[in-house]
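Each chain, written out:
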Amino acid sequence: LEEYGYFDEDISDVYEWAKEEEDNLIISIETMLKCNLSCPYCYQIGGKSKNILSQQDIDSLINYIRNVFNRIHYSKLTIKVLGGEPALQWNIVESILKPLKDFTKENNIAFHLMLDTNGTIIDKYLSLTDIDSLLFTIPLTYRECHNKTRFYRSGKGTYDDIVNNINTLKEYLPQSTIVLRYNVD
């Protein structure tokens, strides 16, 4: 990409970052497509999908992560959890996190968790512990635009609820990072 002019700055720091991340296993897990919102642009089917990860899928995932470790002995494990809204089936997320927390602790592996959430349901997230870093990604634009495209099934906008929940996350999980994803039309 650099030779085609996509970068206009020295990107040597990107190469350094990539070298540092060689021992980081990064896994993205889409737990389900179910969501509590009715965003008109969303591919995730809102609340209609009943497809969720099975226990067999979860066991296969945990075994895969263990097998990769046995081959390359990574020192960091980053799990990105997304779905429709992960909090709606938090028991599935917990059934993944619990064995991974145990595994990373037993093997002295840093455990990083990234959660993509719409930010409307956060009570399940407030009890997250034993994680080396926690990052939330929450979509949020200015109120008028946001409430036109990100709303509950009732039609009520979500902006105020999300802002309140971001404040709560910062209060209860001050060590976490919150990334606000700003979508534009």
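Anything mentioned here points back to the structure above.
Residues numbered from 1 in each chain as written. Predicted model: local features only at pLDDT ≥ 70, side-chain atom pairs only at ≥ 80, totals over all residues. Heavy atoms only, no water.

A.B. asks: What's the story with the overall build of the protein chain in this structure? I'm lost.
C.D. replies: Across its full length, the protein chain carries 5 helices and 5 strands. Along the protein chain, helices and strands appear, N-terminal first, in the series α-β-α-β-α-β-β-α-α-β. Counting all 185 residues of the protein chain, 43% fall into the buried class. Contacts in the protein chain between residues far apart in sequence, at least 24 positions, make up 67% of those at least 6 positions apart. (Helix = DSSP H or I, 4+ residues; strand = E, 2+ residues; numbered from the N terminus. Buried < 20%, exposed > 50% of the residue type's maximum accessible area, 1.4 Å probe, protein only. Contact = heavy atoms within 4.5 Å.)

A.B. asks: Whenever I open this one, the pattern of salt bridges confuses me. Can you help?
C.D. replies: Once their charged atoms are close, side chains differing in charge can pair, the charge on each being opposite to the other. A full pass over the atoms with the stated rule returns 4 salt bridges. Here K80 makes a salt bridge to D116, at a shortest N to O gap of 3.7 Å. You can see K80 sitting in strand β2 (residues 76-82) and its partner D116 sitting in strand β3 (residues 110-116), a full 36 residues away along the chain. Take K80: its relative accessible area is 25%, and that puts it in the partly exposed class. Taking relative accessible area as the criterion, D116 reaches 16% and is therefore assigned buried. Here D102 makes a salt bridge to K98, at a shortest N to O gap of 2.8 Å. Here the residue D102 and the residue K98 both occupy positions in helix α3 (residues 90-106), the gap between them amounting to 4 residues, near one helical turn. Using a relative accessible area of 32% as the deciding quantity, one classes D102 as partly exposed. (Salt bridge = Lys/Arg side-chain N within 4 Å of Asp/Glu carboxyl O.)

A.B. asks: Help me out: how do you make sense of the packing of aromatic side chains in this one?
C.D. replies: Remark: the centre distance and the inter-plane angle together describe each pair of aromatic rings, the angle taken between the planes. Evaluated as defined, the whole model comprises 4 aromatic pairs. Ring geometry for W90 against Y125: centres 5.1 Å apart, planes inclined by 70 degrees, an arrangement best described as edge-to-face. One end of the pair, W90, is in helix α3; the other, Y125, is in the loop between β3 and β4 (133-139), with 35 residues separating them in the sequence. Both residues of the pair, W90 and Y125, count as buried. Judged by centre distance (5.6 Å) and plane angle (50 degrees), the rings of Y125 and F136 are tilted. Of this pair, Y125 sits in the loop between β3 and β4 while F136 sits in strand β4, placing them 11 residues apart in sequence. (Phe/Tyr/Trp six-rings, centres within 6.5 Å; stacked < 30°, edge-to-face > 60°.)

A.B. asks: What's the story with helix α2 (residues 55-72) in this structure? I'm lost.
C.D. replies: In an α-helix there are 3.6 residues to a turn, and that puts residues three or four apart on one side. Counted at 1.5 Å a residue, the expected span for α2 with its 18 residues is 26 Å, and the 26 Å between its end C-alpha atoms agrees. All of the buried residues in α2 are I58, L61, I62, I65, V68 and F69. Seen from one end, α2 has its buried residues packed into an arc of 125 degrees, which puts them on one side. The exposed residues of α2 that point more than 90 degrees off its buried face are Q56, N70 and R71. Contacts from the buried residues of α2 go to β1 (24-30), β2 and α3. Once α2 finishes, H73 follows within two positions and takes phi at roughly 45 degrees, a positive value. (Expected span 1.5 Å × (residues − 1). Arc of directions from axis to C-beta.)

A.B. asks: Can you help me understand the environment of L37 in this one?
C.D. replies: For L37, the location among the structural elements is in the loop between β1 and α2. The buried category is assigned to L37, whose relative accessible area is 2%. Remark: the alpha-carbon pair of L37 and K156, spanning 119 residues in sequence, is separated by 9.7 Å.

A.B. asks: Explain unusual backbone geometry to me, please; I cannot follow it from the model alone.
C.D. replies: You will see that H73, though not glycine, has its phi angle at about 45 degrees, which is positive. Examined against the element boundaries, H73 turns out to sit in the loop between α2 and β2. Located in the positive-phi region is N108, a residue other than glycine, with phi close to 55 degrees. Of the residues examined, N108 reaches a relative accessible area of 72% and is grouped as exposed.

Remember that the coordinates give geometry; whether it matters functionally is a separate question.
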